[in-house]
2 protein chains.
Amino acid sequence: MSDVARLAGVSKMTVSNVINNRPGVSDQVRHRVLEAIRQSGYRVNVSARTLKSGRTGVIGLAVPEIDRPYFGQLAAHVIDQARQRGFHVAIEQTGAAAAGEIDAIAHSRTLHFDGLILSAVELDRTEDQRLPDADYPIVMLGEQDFGGRFDHVAMPNEEGTKAATAHLIDRGCRRIAIITGNSLDGVNVVTRRYRGYLAALTERGLDADPALLFTLDAMTLDEGRAAAHRLADSGREVDGVVAVTDTVAQGVLRGLADRGLRVPDDIRLVGFDDIPESKFMVPSLSTVAPDHRWMAAKAVELVTRRVRAPLRQPGEYTAPFELLLRESTR
Amino acid sequence: MSDVARLAGVSKMTVSNVINNRPGVSDQVRHRVLEAIRQSGYRVNVSARTLKSGRTGVIGLAVPEIDRPYFGQLAAHVIDQARQRGFHVAIEQTGAAAAGEIDAIAHSRTLHFDGLILSAVELDRTEDQRLPDADYPIVMLGEQDFGGRFDHVAMPNEEGTKAATAHLIDRGCRRIAIITGNSLDGVNVVTRRYRGYLAALTERGLDADPALLFTLDAMTLDEGRAAAHRLADSGREVDGVVAVTDTVAQGVLRGLADRGLRVPDDIRLVGFDDIPESKFMVPSLSTVAPDHRWMAAKAVELVTRRVRAPLRQPGEYTAPFELLLRESTR
DNA sequence: TTGTAAGCGTTATCAA
DNA sequence: TTGATAACGCTTACAA
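Residues numbered from 1 in each chain as written. Chains lettered and ligands numbered in written order. Predicted model: local features only at pLDDT ≥ 70, side-chain atom pairs only at ≥ 80, totals over all residues. Heavy atoms only, no water.

Going by what an unreviewed UniProt entry lists, chain A is known as DNA-binding LacI/PurR family transcriptional regulator and is assigned to Nonomuraea muscovyensis.

## Side note on the UniProt feature "domain: HTH lacI-type" (unreviewed entry) in chain A
This chain's UniProt record puts "domain: HTH lacI-type" (unreviewed entry) on residues 1–53 of chain A. As annotated, residues 1–53 of chain A has a helix share of 70% and a strand share of 0%, and its two end C-alpha atoms lie 17 Å apart. (UniProt positions renumbered as here; feature names shortened; annotations may be inferred. Helix = DSSP H or I, 4+ residues; strand = E, 2+ residues; numbered from the N terminus.)

## Concerning the protein's contact with DNA strand C
Around DNA strand C lies a shell of 24 residues, among which Val 29 of chain A together with Lys 12, Met 13, Ser 16 and Arg 49 of chain B are the nearest. Within 4 Å of the protein, the contacting atoms of DNA strand C are drawn from sugar and phosphate to the extent of 62%. Ser 16 of chain B is positioned with one of its side-chain polar atoms (N or O) 2.7 Å from a phosphate oxygen of DNA strand C. Mapped onto the surface near DNA strand C, the elements with two or more residues apiece are helix H2 (12–19) and helix H4 (46–53) of chain A together with helix H2 (12–19) and helix H4 (46–53) of chain B. Tallying contributions element by element places H4 of chain B first for the surface near DNA strand C, with 4 residues. Looking at side-chain class alone, the surface near DNA strand C contains 11 nonpolar, 7 polar and 6 charged residues. (Near = heavy atom within 4 Å. Polar contact = N/O pair within 3.5 Å; in protein donor to acceptor, adjacent residues only side chain to side chain. Nonpolar A, V, L, I, M, F, W, Y, C, P; charged D, E, K, R; others polar.)

## Here we look at helix H10 (residues 246–258) of chain B
Residue and element names in this part refer to chain B. The end-to-end C-alpha distance of H10 is 18 Å, a good match for the 18 Å that 13 residues give at a rise of 1.5 Å each. Extensive coverage of H10 is indicated by the burial of 11 of its 13 residues. Along H10, the positions that sit buried rather than exposed are Asp 246, Thr 247, Val 248, Ala 249, Gln 250, Gly 251, Val 252, Leu 253, Arg 254, Gly 255 and Leu 256. (Expected span 1.5 Å × (residues − 1). Buried < 20%, exposed > 50% of the residue type's maximum accessible area, 1.4 Å probe, protein only.)

## Some thoughts on the side chain of Ser 108 of chain B
The residue Ser 108 of chain B is located in helix H6 (residues 98–110) in this model. Apart from the residues within four sequence positions on either side, Ser 108 of chain B is in contact with Phe 113, Gly 115, Leu 116 and Tyr 136 of chain B. (Contact = heavy atoms within 4.5 Å.)

## What to know about the environment of Asp 207 of chain B
Relative to the assigned elements, Asp 207 of chain B resides in the loop between helix H8 (189–203) and strand S7 (213–216). Residues Asp 207 of chain B and Arg 175 of chain B lie 32 residues apart in sequence; the distance between their C-alpha atoms is 9.1 Å.

## As for the interface of chain B and chain A
Interface size is commonly expressed as the accessible surface area that is lost when the partners come together. Between chain B and chain A, the contact holds 49 residues from the first and 49 residues from the second. Regarding the contact of chain B and chain A, the summed buried area is about 4100 Å², with carbon and sulfur atoms giving 57% of it. Considering only the surface of chain B that becomes buried against chain A, His 88, Arg 254 and Phe 280 of chain B emerge as the three largest contributors, covering 18% of it. At the junction of chain B and chain A, the tally comes to 4 salt bridges. In this structure, Asp 222 of chain B and Lys 279 of chain A form a salt bridge, with 3.9 Å as the shortest nitrogen-oxygen distance. The tally of links between chain B and chain A comes to 12 residue pairs in polar contact (both at pLDDT 80 or more). Elements that contribute at least two residues to the side of chain B that touches chain A include exactly H4, helix H5 (69–84), strand S2 (88–93), H6, helix H9 (221–233) and H10 of chain B. The dominant element in the side of chain B that touches chain A, judged by the number of residues it contributes, is H5 of chain B, at 8 residues. (Buried area = accessible area lost by both parts, 1.4 Å probe. Salt bridge = Lys/Arg side-chain N within 4 Å of Asp/Glu carboxyl O.)

## Digging into the relation of the copies chain B and chain A
Placing chain B over chain A gives an RMSD of 0.1 Å and needs a rotation angle of 180°, together with 0.0 Å of translation along the axis. Considering both components of the superposition, the chain copies are consistent with a two-fold axis. When each C-alpha of chain B is compared by its distance to the rotation axis, Ala 90 of chain B comes out closest, at 2.2 Å. Same-surface contact between copies: 100% of interface residues of chain B are shared with the interface of chain A. (Least-squares fit on C-alpha atoms with pLDDT ≥ 70 in both.)

## Let's talk about the protein's contact with DNA strand D
Near DNA strand D lie 24 residues; those nearest to it are Met 1, Met 13 and Tyr 42 of chain A together with Thr 14 and Val 29 of chain B. Across the atoms of DNA strand D situated within 4 Å of the protein, the share located in sugar and phosphate is 66%. Here a phosphate oxygen of DNA strand D sits 2.9 Å away from a polar atom, N or O, in the side chain of Arg 49 of chain A. Ser 26 of chain B is positioned with one of its backbone polar atoms (N or O) 2.7 Å from a phosphate oxygen of DNA strand D. Tallied by class, the residues present in the surface near DNA strand D amount to 10 nonpolar, 8 polar and 6 charged.

## A closer look at the sheet that holds strand S7 (residues 213–216) of chain A
Residue and element names in this part refer to chain A. Taken in spatial order, the 6 strands line up as S7-S6-S8-S9-S10-S12 in an open sheet, and their pairing is mixed. If you trace the sheet from one side to the other, it starts and ends with S7 and strand S12 (321–324), each paired once. Averaged over neighbouring strand pairs, the angle between their axes works out to 15° when direction is ignored. The pairing of strand S6 (residues 176–181) with S7 spans 4 bridges and is classified as parallel. Looking across to S7, one finds that Ile 179 is bridged to Phe 214. Against the sheet, helix H10 (residues 246–258) makes contact with S6, S7, strand S8 (240–243), strand S9 (268–272) and strand S10 (286–290), and its axis sits at roughly 155° relative to S9, the strand it touches most. (Pairing = 2+ DSSP bridges. Axes fitted to C-alpha atoms, helices over the stretch in contact; angles between N-to-C directions.)

## Considerations on the sheet that holds S7 of chain B
Residues and elements named next belong to chain B. The 6 strands are arranged S7-S6-S8-S9-S10-S12 in an open sheet whose pairing can be described as mixed. Since the sheet does not close on itself, it has two edges, and those belong to S7 and strand S12 (321–324), each with one partner. Here the strands of the sheet are splayed against their neighbours by 15° on average, with no regard to which way each runs. Two strands pair when backbone bridges link them, and strand S8 (residues 240–243) and strand S9 (residues 268–272) are joined in this way by 3 bridges, in the parallel orientation. Residue pairing in the sheet places Gly 240 in a bridge with Arg 268 of S9. Packed onto the sheet, H9 meets strand S6 (176–181), S7 and S8 and runs at close to 150° relative to S7.

The structure is reproduced here in structure tokens:
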């Protein structure tokens, strides 16, 4: 910067003013400075600016694993939205563990990210004492409930699963299984989707059979497949399956194929998320499609707003959704 | 830091020495300082450290789109490897456009990333004049050829596709189509994989029929599906298909299903990449599986090494691979 | 409209 | 073994 100033015959301050488009610089001087910048190949040092301003221009995004389609899609949208507001995104993987999620928060502060979007799947309000003070801009994205302590962008978990289950019933299914996570105690995604499932059954006068609840240790392709094997091998009569996510549904689809069960002929299947692959599966997957772009946009809007106004009252926002009817429930 | 120093009754410099585990601090003083740090809740300011050292501890990773399974997987591995070496990763999406790839380089320098891993799919050696000086640590990952100007971690494109095609021939296929990108002129992934396909045909004494080459505008699910439709509607007799990537193969699988063609009964299909979904597709997909973890580890090793020694001679490295035989070629 | 001085929080250097 | 000083590159506050 000093070099540029010398080249243009002005002070560093004037160079700074030109760079930041501040008013009060004569056109002539502005021109000389811009020319000097061009000649010298000068580029601002972001670290210095950061040190002075206390802002890094970086938002952290913490997800369980970036290579799960849902989180990849989420990241893509968040990166796009952040860029539009002049922020960069650093990605942290929590490994779907509470410790990883706590680490992500600590890390985010240490590295002076301006804010953090945390897609928590383990952490919840019961871990109160491990959560940070509310003075750091954190937006919770997805599922867990923190009792209004943070801004929260939620999925339409209950409504979505209810609509999906009702759709199976409309198609004539009467023995509907649900394949979901094993953490049915807390207030989390698993519980909420389960409640949506129960609500639909009740509303249509069907009984919920506890034997038709199959639980997973993780929301993965492998676990979904294994659950489908258990379902098929249990000998229970089942004509419909609600899977907790599309990724799990993809595993289920594969697991049913392993056992010679055809979808939708023998069993109808519905998922949740509308990952990009869903419409290309064989058969294509009916699913609850929350508006991912909306969620990413909301989350980024909330963090960036909170960067400017840290002490606003946290808000709760639920994404709109659509039920997509495809071959798996035809 | 001043506060800590005052609390411990020492100078800032001593605090710095303690924080960085530098020798020459008495145990007694070290203890006092650590206690003062605990009490005050002090945390280093990374920006200041960055300003002083010129290093940000961040590596950029530029990929076409983070929500394609292959790149998600790649990112997951790169983030893990980088963390093990004390680096963070910021992800940039290039949109699979040459301009986006150039931007990523410029961006990476502006933000003072310590280095950049660029998964270029458009840029190549012909764009010489737009490429930066070699003084900035860039590692090219994947496909394009830059004539030895950058460190380059390559896929086993030719060998892998050759092995995949030979496998189809072994299974009895005689009319083997290839579905790939449309940039068959440069030295890129598409050309190399095409050469591998041709090599296998030649070696086994089969003629390459130009009518069996189907090209795509992008390596996406949608394009793969559309190509399968064109293939089925062409009326040409085809008993095997080599798809340029697993994602394209997934689209092809769907497209063939749309036309009532069964895999592997009517047509055998093989992909490239071994994305996590491949083994869960219906039918499961035979594919060329490059060692992704190896590639990520190599790339991170190369950037971080180049951060320390910017002027080393660039090297060329090709990942090992395995041919995975699954249902789609049974 | 332009310039000067001070300071953001570290660390390298050298002196004590 | 410890400390004083200057410097990294920028911007805020104020003076000219």
